[in-house]
Amino acid sequence: MTYSFQQLASILAGKIAIQDHQLSIKEISIDTRRVLNPFHTVFFALKGIRNNGHHYIDDAYNKGIRTFVISEPAHDYFSKIKNTGCAVLVVENTLEALQQLCKHHRSQFNIPVIGITGSNGKTIIKEWLFQLLSREERIIRSPKSYNSQIGVPLSVWNIEPQHSLAIFEAGISKPGEMAKLAAIIQPTIGIFTNIGPAHAGGFSSDSEKIKEKALLFKNCETVIYCRDHFPIDHFLKNQQTFTWGMANADIIVKKVSTSLHNTSLTVEYQRLSKEIVLPFSDEASIENALHCITLMVYKGYSLDKISERISHIRNMPMRLELKYGINECTLIDDSYSADFLSLKIALEFYAQQEGKKKRTLIISEFEDAGIDEESFCEQLNTFLEEYKIEKLVGVGSVFITHRNMLDTSELEYYAYPNTNTILHDIENLTFDRELILLKGARSYSFEKLSQYLQGQSHRTILEVNLSALIHNLNVYRSLLPKETGIIAMVKAYSYGSGSVELAHLLQSENVEYLAVAYADEGIALRKSGIHMPIMVLNPDPGEFPIMAHYQLEPEIYSVKQWEQLKHFLAHFEEHSPLKIHIKIETGMNRLGLNESEILEIMPGIAQEKKLQVSTIFSHLAASDEPSLDDFTKAQIVRFQLLSKIAEQFLPYPVKKHLSNSSAIVRFPEAGFDFVRLGIGLYGIDSSATIQTRLQTIGYLKTRISQIKQVHPGETVGYSRKGIIETEGKVAVLAIGYADGYDRRFSNGIGKVNIRGQEAKVIGNVCMDMTMVDITHIPDAEEGDEVEIYGNSISIIEMAKAIGTIPYELLTSISSRVKRVYFWD
């Protein structure tokens, strides 16, 4: 469907400021970094706490967008563009206008719409319902977890005439939000998953949160939920419902029997009983599956058909993952969904990655997308051109029978009928230094391809949640004045999480600066395509030439270093001044210039035309320690004094920064022009003030290599430190101190999580292995996943247990531990 500008103006009741074109509108953009079809895109200039979309109007125009919805005077942004060819609509609130447009769009379709809310399980249920129902239905669903005030309208906008069913998530964080989402989604069927602690901070009680979430279902034909969740049942008692539970429900769960990998349910509906076997055994998945079963029964599916289909559901990650691959390839695995909306989102992430590798797309045909082959090829051609794909590997008959419809003249092109044939021929495809996006329908089992492209790997991995990192970034942004910029610390391999990958993400999020410890870290970032400013905190004077070559900005912290820099500058043929940062001493007594040294070197720096001072800064020693607040306040005062002395020599203004992560929270007066965001970005508030608002980004995991039965009197590990007193079982884990698992965790100090239960370390941690006592976990098996740090095992608590800090544990994780980056 398309809309004319006149229709847009009518729907939004806005004021037309400029109308110099008659282009139709097919796409919505709120982010100028992600524009695919600019001439048929309308840009909504949204205004957030720190970012104002109006400031990106020029960028949108340069990307080819000609239709705009704004809330500030058009003259301020369009007067300097001659013969604009634009159409500009002025509204009171651009977010409300976006929501209104998508609300109108939803009203054009008379199809069943499933609205899902609850604390947990929304995305899993949505994806499983897509798998279960897509044989009969052409389904549009929220991409990933697009369930916010912005994500919901962007999801609903993608309903098209070929769709026969829609499934949308709705998430809220405070009162007053759900009514807006309900008006956009207009669900006909509701699913209320459960209630838990997620987003509890915005509500005074669980009752208030349930009441708010239940507003999604105000006009639903029916609501599906578990009657055993009594608080939810209380709030929905006046609704038309269709429920499941252990008793007094439409679908009665008569029996639940779990084994290691499966669960057998006996369910009863209208006096008919059926055993349904689920291919998983954890409680959360069982609950999610029962919501799906209930929905299918409500829609008229027989228990026999439900049993057959649900046995094939795969409990795999519902997320995009970035992994290291064979032959220096980088693999982006997004093979859990197959449609053009999710492909666009994956390609946007793909475009943020390292630019110097060949761009390869391995893609299957989209069986359940509800479009014909010609439309498939047409849309795919648009993506191939926009994202500059150089190598295309197509899997499915469309890539063979309709090759003439694909624009492959400039591509390295391969086509295979199915996944097995590509696996047989894969050695001939020679993947080497490529950025590979894997995108396939579930029936094509692309996990086999993913496994091959990753190659052999250590069984211990560090999973890094990129969504959580952006969440943490935005938490700290919300604490800062709009004019205060962020210097993101990516030194020490981004606190163990991976510098290059996180730097690309931070660059795309418009962070003002990156900071590294040494020049080689900055050089690696430049070689990977990072073009934003990079500050080097501990530069070697011998590396001034290479820092200048790569436009890295060294810190100057001593008189001797300044003398060495002067020597370099005498031979430096500059195209532009070398930018530097002046570090002053305020009490840390580490690196930095004292008052006399500032007076000694600043006149020379000011006169040197080959230099430009970017910032003056210092380092707080104890901003996370309330008992030392007087010292911190004295440091702030001293910084103000010494920075004024330094900047008085300069003929131009210079920016300043002092705050680290904990000072952002505890000392807002120390914000100045920039703040340096380090450990907080990675989910740890060393001041413990806002820890509950931050999300874990790193999950260190390993596997059980072997399980041993042990007997009284035996010992475990080196030096026979692990003494067995009773009959029991020991699991040998594929992690040791060479992986960064500290040897101080030996002999019961350390603990891990296996199948939801804690297991203590027994004996000494070895170089490559660690043993834990699993006597109390009878269902543990060899190959089971083990959490070392994450949501269940707090890295903060584990650091305390061995008398250190989380920084040390994070930065100690070895480079041999594979990093897997995901976006949920």
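Scroll up a little and you will see the structure.
Since this is a predicted model, take the numbers as computed values, not measurements.

Let us look at the packing of helix 5 (residues 122-133) against helix 10 (residues 283-298). Relative to each other, helix 5 and helix 10 sit at 45°, their axes nearing to 10 Å. Considering the angle they form, helix 5 stands oblique to helix 10. The way helix 5 lies across helix 10 gives a crossing that is right-handed. Taking contact as the criterion, the partners of Ile124, Ile125, Trp128, Leu129, Leu132 and Leu133 in helix 5 are, on helix 10, Ser285, Asn288, Ala289, His291, Cys292, Leu295 and Met296. Partitioned by chemical class, the residues of the contact of helix 5 with helix 10 number ten nonpolar, three polar and no charged.

A word on the sheet that holds strand 9 (residues 189-192). The strand order across the open sheet built from nine strands is 7-8-6-9-10-11-12-13-14, with neighbouring strands paired in mixed fashion. The strands lining the two open edges of the sheet, one partner per strand, are strand 7 (139-141) and strand 14 (272-278). Neighbour-to-neighbour, the strand axes of the sheet open up by a mean angle of 20°, direction not taken into account.

All chains considered together, the criterion is met by 21 aromatic pairs. Centroid distance Tyr513 to Phe674: 5.7 Å. Interplanar angle 80°. Geometry classified as edge-to-face. Placement of the pair is Tyr513 in strand 23 (residues 513-516) and Phe674 in strand 29 (residues 674-677), with a sequence separation of 161 residues. We classify Phe674 as buried; its relative accessible area is 8%. Members of the aromatic cluster, each reached through a chain of ring pairs, are Phe340, Phe366, Phe376, Phe383, Tyr387 and Phe399. Over the aromatic face of Phe130 sits the side chain of Arg141, whose NZ or CZ is 3.6 Å from the ring centroid.

All chains considered together, the criterion is met by 31 salt bridges. One salt bridge in this structure joins Glu127 and Arg141, with 3.1 Å as the shortest N-O distance. Highlighted residues: Glu127 in helix 5 and Arg141 in strand 7, separated in sequence by 14 residues. A salt bridge links Glu647 to Lys656, with the shortest nitrogen-to-oxygen separation between them at 3.6 Å. Overall, Lys656 belongs to the buried group, its relative accessible area being 14%. Connected through salt bridges with shared partners, the residues Lys126, Glu127, Arg141 and Glu169 form a single ionic network.

The rules behind each value
- Residues numbered from 1 in each chain as written.
- Predicted model: local features only at pLDDT ≥ 70, side-chain atom pairs only at ≥ 80, totals over all residues.
- Heavy atoms only, no water.
- Axes fitted to C-alpha atoms, helices over the stretch in contact; angles between N-to-C directions.
- Helix = DSSP H or I, 4+ residues; strand = E, 2+ residues; numbered from the N terminus.
- Parallel < 35°, antiparallel > 145°, perpendicular 65-115°, else oblique.
- Left-handed = near helix turned anticlockwise from the far one by under 90°.
- Contact = heavy atoms within 4.5 Å.
- Nonpolar A, V, L, I, M, F, W, Y, C, P; charged D, E, K, R; others polar.
- Pairing = 2+ DSSP bridges.
- Phe/Tyr/Trp six-rings, centres within 6.5 Å; stacked < 30°, edge-to-face > 60°.
- Buried < 20%, exposed > 50% of the residue type's maximum accessible area, 1.4 Å probe, protein only.
- Lys NZ or Arg CZ within 6 Å of the ring centre and 35° of its normal.
- Salt bridge = Lys/Arg side-chain N within 4 Å of Asp/Glu carboxyl O.

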